[in-house]
Amino acid sequence: SDKATMDIPAPRAGTVAELKVAVGDTVSEGSLILLLAPAAVDGPGPDAAAPEAPAAAAGSPASTPEADVRAQVAVLGAGPGGYTAAFRAADLGLQVALIDRGETLGGVCLNVGCIPSKALLHVARVLAESEELSAAGVSFARPEVDIDALRGWKESVVGRLTGGLDGLARRRKLQVIRGEGRLTGPNVITVQSGDDETTVGFEHCIVAAGSSPASLPGLPDDERVMDSTGALDITEVPERLLVIGGGIIGLEMATVYDALGSRVTVVELMDQLIPGCDADLVKPLHKRIAARYEAIHLGVRVDAVTADDDGLTVSFAGEGAPAPQTFDRILVAVGRRPNGAGIGAEAAGIEVDDRGFIAVDGQMRTNVGHVFAIGDVVGEPMLAHKATHEAKVAAEVIAGDDVRWDARSIPNVAYTDPEIAWTGLTETRARAEGIAYEKATFPWAASGRSLAQGRDDGLTKLLVEPETRRLLGAGIVGPNAGELIAEAVHAIEVGSDAQDIGLTIHPHPTLSETLGLAAELADGTITDLMPPRAKRASTPAAT
Ligand code: FAD
């Protein structure tokens, strides 16, 4: 138009046979613009069994293109982003095809990510707690761990959830298509499963292809060198484990293997564990694991690894790098790579950047109007709860709702021991970007509940806007921090100020009280510590 340039998605793949207009012509809705010779499509044609469904909105082409399977919405990838989008679209009355190459639905999160890692971390926590109880006069015999039974139990947890997804997909009458999917035209995904090929014609597509573990060049091709998937498929407890990468995934797996008896070394390129997280939140974790693990090397990188029958010999580089050492296994946890490069995006004209990310607008729409993208493949933070919320936006926009992504903060959690959770503004970002904030930190040494659990190493920190006193960000370190952070996420979402949180009655004695007490600290009304305005040294008192 005079004012804007817009992509109009073609309803069919094909070749432009004749242009009926020239640049500068005025056209209106319904004008013939071009003649399209459709590409030949194999398959039996319309899916007679598909139920009647309303036309999808959001730039909807006239009809679903012909293919083996026809759907108003094709979702590529059945992780938390993909299955949520598919279920929501189906609930809004659209015909949906859900495509995934995995044996089970659920993607990384359910199969080889969030859920199996938390199952193993639960076991690690119970093992650590049974050790810690000796300080309270209760000692247990050294536990016996049956690795095969442990792995079986973890798989049963995963199986219950993925089986549940199968049931939910069936009840919603989704067409689930298993195999490797690639876009082969603007409105077609071709799915390969062994020698079988199925074409899926769609009006709208949601790319939810997720991410894969990043690898390091030069490592030997040896089964003792694992990524997170290999580490979760726990087959033995190595005597010495090297974890390359001190981020969340590496440290969670280190927590598991340490509890099971491995001697763990962590090497991290940056000068802090969990780079990007505020240093005061990381400190209690660093202190605790430094006392348990064999070594933590910061600002150090792995230079070379050689494999032989005795193990994996690793040489390190960087200031303070240790001498070469031999490990029984190595876990490579150096981040994740988006899967945007492997989906045939070019066939539909979808732009994918050099790293494999797909850019989207506030409605999760790619540069191609009828193709949406969600989850890890659209960018950081690569988290399941970000993917599910983006999924709902995409499905609702396709169904015709005028909605957009509008979350004020996305929480991050490291399920380590202690857990670390943060949301909204961090001090690291505030300092880098010159954002004004006031900080209130409540030490868990003054929390009766924390002391009663044998822990005094946590803290709850709130960052507030100096003028409005609204909550800008929060960080918590301590057991169950991941559960506690939800209150701060909600407070930021609804625009609460410190007084709102301080006046909210938290049950006593709980760890959740530390949020109320940190808010009282920000508000100057705290009585469990000395209030900040009284110019006296504050002495934490247990409540
Ligand atoms: P994914 O879950 O990656 O799913 C994408 C799906 O698409 C996969 O099933 C894949 O096989 C399929 N696919 C990709 N390409 C194709 C193709 N061409 N054809 C067919 N299928 C295809 N996040 C949290 O929020 N909390 C946690 O505690 C947490 N813990 C984690 C622990 C570990 C060890 C790991 C590895 C990750 C963890 N994550 C966690 C991250 C979380 O798993 C991801 O953010 C989340 O799974 C992303 O969801 P998604 O739907 O974008 O993609």
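For the structure itself, look to the data block above.
Before going into details, it helps to say that this report is about the structure given with it. (Residues numbered from 1 in each chain as written. Predicted model: local features only at pLDDT ≥ 70, side-chain atom pairs only at ≥ 80, totals over all residues. Heavy atoms only, no water.)

### A word on the site of the ligand
We apply this condition: Definition of nearness: a residue and a molecule or strand are near each other if at least one heavy atom of the residue lies within 4 Å of the molecule or strand. The term polar contact refers here to a pair of N or O atoms within 3.5 Å; inside protein, the definition further demands a hydrogen-donor-capable atom paired with an acceptor-capable atom, and it admits residues adjacent in sequence only when both atoms are side-chain atoms. Runs of E in the DSSP output that reach at least two residues are strands. Runs of H or I that reach at least four are helices, and both are numbered from the N terminus. Residues are grouped as follows: nonpolar covers Ala, Val, Leu, Ile, Met, Phe, Trp, Tyr, Cys and Pro; charged covers Asp, Glu, Lys and Arg; every other residue, Gly included, is treated as polar.
Near the ligand, the surroundings consist of 36 residues, among which Gly81, Asp100, Lys118, Gly181 and Ala384 are the closest. Gly81 is positioned with one of its backbone polar atoms (N or O) 2.8 Å from an oxygen atom of the ligand. Separating an oxygen atom of the ligand from a side-chain N or O atom of Asp376 is a distance of 2.8 Å. Taken together, the elements giving at least two residues each to the shell around the ligand come down to helix 1 (80-91), helix 2 (107-112), helix 3 (114-132), strand 6 (180-185) and helix 9 (384-398). A per-class count over the shell around the ligand returns 15 nonpolar, 15 polar and 6 charged.

### Quick notes on unusual backbone geometry
Comment: phi is negative for the bulk of residues other than glycine, and the bulk of peptide bonds are trans. With an omega of 0 degrees, the peptide bond running from Asp417 to Pro418 counts as cis. Considering the arrangement of structural elements, one finds Pro418 in the loop between strand 20 (412-414) and strand 21 (420-424). In this model, Ile274 sits at a positive phi of 45 degrees, which is unusual for a non-glycine residue. Relative to the elements of secondary structure, Ile274 occurs in the loop between strand 12 (263-268) and helix 7 (279-292). Positive phi, close to 65 degrees, is recorded for Arg469, a residue that is not glycine. Within the secondary structure, Arg469 sits in the loop between strand 23 (459-464) and strand 24 (471-477).

### Topic: the sheet that holds strand 23
What counts here: If DSSP finds at least two bridges between two strands, the strands pair. Working convention: axes come from line fits to C-alpha atoms, limited for helices to the stretch in contact. Angles between N-to-C directions cover 0 to 180 degrees. Between two residues, a contact is recorded if the distance between any of their heavy atoms is within 4.5 Å.
Strand order in the open sheet formed by 5 strands is 20-21-24-23-22, with antiparallel pairing between adjacent strands. Every other strand in the sheet has two partners, leaving strand 20 and strand 22 (438-443) as the edge strands with one partner each. Geometrically, the sheet is characterised by an average inter-axis angle of 10 degrees between neighbouring strands, direction not taken into account. Pairing geometry for strand 22 and strand 23, over 6 bridges, is antiparallel. Its bridge partner lying in strand 23, Pro443 is registered against Leu459. Of the strands in this sheet, strand 22, strand 23 and strand 24 are in contact with helix 14 (residues 513-523), which crosses strand 22 at around 135 degrees.

### Points about the sheet that holds strand 15 (residues 311-317)
Taking strand neighbours across the sheet as the criterion, the 3 strands line up as 14-15-16 in an open arrangement whose pairing is antiparallel. Each edge of the open sheet is held by one strand with a lone partner, namely strand 14 (301-308) and strand 16 (325-327). For this sheet, the mean angle separating the axes of adjacent strands, direction not counted, is 30 degrees. Sheet analysis places strand 15 next to strand 16, joined by 3 bridges and oriented antiparallel. Directly across from Val314, in strand 16, lies its bridge partner Gln325.

### Thoughts on the pattern of salt bridges
Going by this rule: The rule for a salt bridge is simple: a side-chain nitrogen of Lys or Arg has to be within 4 Å of a carboxyl oxygen of Asp or Glu. Exposure is judged per residue with a 1.4 Å probe applied to protein chains only, and the accessible area is read against the type maximum: over 50% gives exposed, under 20% gives buried, and values in between give partly exposed.
Applying the stated criterion across every chain, the model contains 33 salt bridges. Asp417 is the partner of Arg125 in a salt bridge, and the nearest nitrogen-oxygen pair spans 2.8 Å. Separated by 292 residues along the polypeptide, Arg125 in helix 3 and Asp417 in the loop between strand 20 and strand 21 bring together distant segments of the chain. Residue class for Arg125 comes out partly exposed when judged on its relative accessible area of 23%.

### Description of a nonpolar patch on the surface
How we decide: Patch members must show over 30% relative accessible area and no salt bridge, and they are joined within 9 Å when carrying like charges or within 5 Å when they are nonpolar side chains of Val, Leu, Ile, Met, Phe, Trp or Tyr. Accessible areas in this description were obtained via Shrake-Rupley with a 1.4 Å probe; residue shielding takes into account the shown protein chains only.
On the surface, Val16, Leu19, Val27, Ile33, Leu34 and Leu36 cluster together into a nonpolar patch covering about 470 Å² of accessible area. Taken together, the elements giving at least two residues each to the nonpolar patch come down to strand 1 (14-19) and strand 2 (34-38).

### Thoughts on the packing of aromatic side chains
How we decide: Between the rings of Phe, Tyr and Trp (Trp by its six-membered ring), a pair exists once the centres lie within 6.5 Å; its type follows the angle of the planes, with under 30 degrees stacked, over 60 edge-to-face, and the other angles tilted. Definition used: whenever NZ (Lys) or CZ (Arg) falls within 6 Å of the ring centre and also within 35 degrees of the ring normal, the charge is taken to sit over that ring.
For the structure shown, the criterion picks out 1 aromatic pair. Looking at Arg240, its charged tip hangs above the ring of Phe327, at a distance of 4.4 Å from the centre.

### A word on the nonpolar core
Condition: The term nonpolar core refers to a set of buried residues drawn from Ala, Val, Leu, Ile, Met, Phe, Trp, Tyr and Cys, joined through side-chain atoms within 4.5 Å.
Formed by 54 residues in total, the largest nonpolar core has its most connected members in Val96, Ile189, Val200, Ile206 and Val207. Each residue touching Ile206, except ones within four places of it in the same chain, is listed here: Val73, Ala74, Val75, Leu76, Ala85, Phe372, Ile374, Ala394, Ala395 and Ile398. With 37 residues, the next largest nonpolar core counts Ala124, Leu127, Val266 and Val282 among its residues.

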